[in-house]
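Residue-level structure breakdown
What follows is the residue order along each chain.
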Amino acid sequence: MKTEINRNTLELITGDITEQETDAIVNAANGSLLGGGGVDGAIHRAAGKELLEACKEVRQEQLAGEKLSTGEAVITNGYNLPANYVIHTVGPVWNERDQHQEDLLVNCYRNSLELAMTHNATSIAFPSISTGVYRFSVELAANIALQTITDFLTDHDLGNVVMVLFSENDYATYETSLRKIQR
Ligand code: ADP
């Protein structure tokens, strides 16, 4: 499914984010930036060892050795990936008693889009942040992701945004959400 917003496009696809030829891809990282499972592991495997070295450098030079906070984003090169850049953002862990987690997921998308624009990227691909090990419902995460991207594209000329869903089920949930947002 593909839709136009302002002069931008927002596209939903099923696929593997490591194969995307967008200028930037987004990694659902953990705060350590040292790699992990899920999409994070796949991106590090496909990008090669240099990505881990770049992440360590970011931690030392931009974060004074500390972890990257939830909702924040940093950028590295893409090394062996087709994408030029990897934007690493830390999704919130789902907690039904804490509504603030939803705001933090908004921040992940907004901060990643802003970072892409400051690096003149005109295309960016996102995975479904926080819906794996971090346990957000896909429905809630889809609403947050697609509303935040839509709001951003209404106000900015970025180019193409692609949501890369890893299963047909996730794709169907995102498609239903996008149709609702567009009404
Ligand atoms: P989080 O810790 O933010 O929940 P996960 O990596 O556990 O991150 O999962 C986030 C989403 O990424 C899940 O929907 C998972 O199925 C999906 N995913 C895993 N590998 C890939 C991949 N190679 N490309 C795109 N999406 C992926």
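Procedures and definitions
- Residues numbered from 1 in each chain as written.
- Predicted model: local features only at pLDDT ≥ 70, side-chain atom pairs only at ≥ 80, totals over all residues.
- Heavy atoms only, no water.
- Core = buried A, V, L, I, M, F, W, Y, C linked by side-chain atoms within 4.5 Å.
- Buried < 20%, exposed > 50% of the residue type's maximum accessible area, 1.4 Å probe, protein only.
- Helix = DSSP H or I, 4+ residues; strand = E, 2+ residues; numbered from the N terminus.
- Contact = heavy atoms within 4.5 Å.
- Near = heavy atom within 4 Å.
- Polar contact = N/O pair within 3.5 Å; in protein donor to acceptor, adjacent residues only side chain to side chain.
- Nonpolar A, V, L, I, M, F, W, Y, C, P; charged D, E, K, R; others polar.
- UniProt positions renumbered as here; feature names shortened; annotations may be inferred.
- Axes fitted to C-alpha atoms, helices over the stretch in contact; angles between N-to-C directions.
- Parallel < 35°, antiparallel > 145°, perpendicular 65-115°, else oblique.
- Left-handed = near helix turned anticlockwise from the far one by under 90°.
- Expected span 1.5 Å × (residues − 1).
- Arc of directions from axis to C-beta.

Attention now moves to the nonpolar core. Ranked by internal contacts, the top residues of the largest apolar core, which has 36 residues, are Tyr109, Ile124, Phe126, Met163 and Tyr174. Of all elements in the fold, only β2 (8-14), β3 (24-29), β4 (73-77), α3 (100-118), β6 (123-126), α4 (138-155), β7 (160-165) and α5 (168-182) reach the threshold of two or more residues within this core. For this core, the element with the most residues is α4, which contributes nine residues. Phe126 has contacts with Ile17, Val26, Tyr109, Ser112, Leu113, Ile149, Val161, Val162, Met163 and Val164, leaving out every residue within four places of it along the chain. By size, the runner-up hydrophobic cluster in this structure holds 19 residues, among which are Ala47, Cys55, Leu68 and Val164.

Turning next to the site of the ligand. Around the ligand, the structure places 16 residues, and the nearest of them are Ile17, Val39, Ser130, Gly132 and Val133. At 2.8 Å, a backbone N or O of Gly132 approaches an oxygen atom of the ligand. Looking at the shell around the ligand residue by residue, the classes come out as eight nonpolar, six polar and two charged.

Turning next to the UniProt feature "domain: Macro" (unreviewed entry) in the protein. Mapped onto the present numbering, the UniProt feature "domain: Macro" (unreviewed entry) falls on residues 1-182. The span residues 1-182 carries 42% helix and 21% strand; its end-to-end C-alpha distance comes to 12 Å.

So, about the packing of α3 against α4. Packing of α3 against α4 leaves a shortest axis separation of 9 Å and a crossing angle of 40 degrees. By the angle class used here, α3 and α4 are oblique. Note on packing geometry: the crossing formed by α3 with α4 is right-handed. Mapping the contact onto sequence places Glu102, Leu105, Val106, Tyr109, Arg110, Leu113, Glu114 and Met117 in α3 and Leu140, Ala141, Ile144, Ala145, Thr148, Ile149 and Phe152 in α4. Along the lines of polarity and charge, the residues of the contact of α3 with α4 split into eleven nonpolar, one polar and three charged.

The next subject is unusual backbone geometry. Note: most residues except glycine have negative phi, and most peptide bonds are trans. In the Ramachandran plot, Leu33 falls in the positive-phi region, its phi being about 60 degrees despite a non-glycine side chain. If you trace the backbone, Leu33 turns up in the loop between β3 and α1 (38-47). Backbone geometry places Asn120, a non-glycine residue, at a positive phi of 60 degrees. Secondary-structure assignment places Asn120 in the loop between α3 and β6. Assessed through its relative accessible area of 65%, Asn120 is described here as exposed.

Between its first and last C-alpha, α5 extends 21 Å over 15 residues, near the 21 Å set by a 1.5 Å rise per residue. Along α5, the positions that sit buried rather than exposed are Asp170, Tyr171, Tyr174, Ser177 and Leu178. Looking straight down α5, one finds that the buried residues subtend no more than 130 degrees of arc, so they occupy a single side. Turned more than 90 degrees away from the buried face of α5 sit Glu168 and Asn169, all of them exposed.

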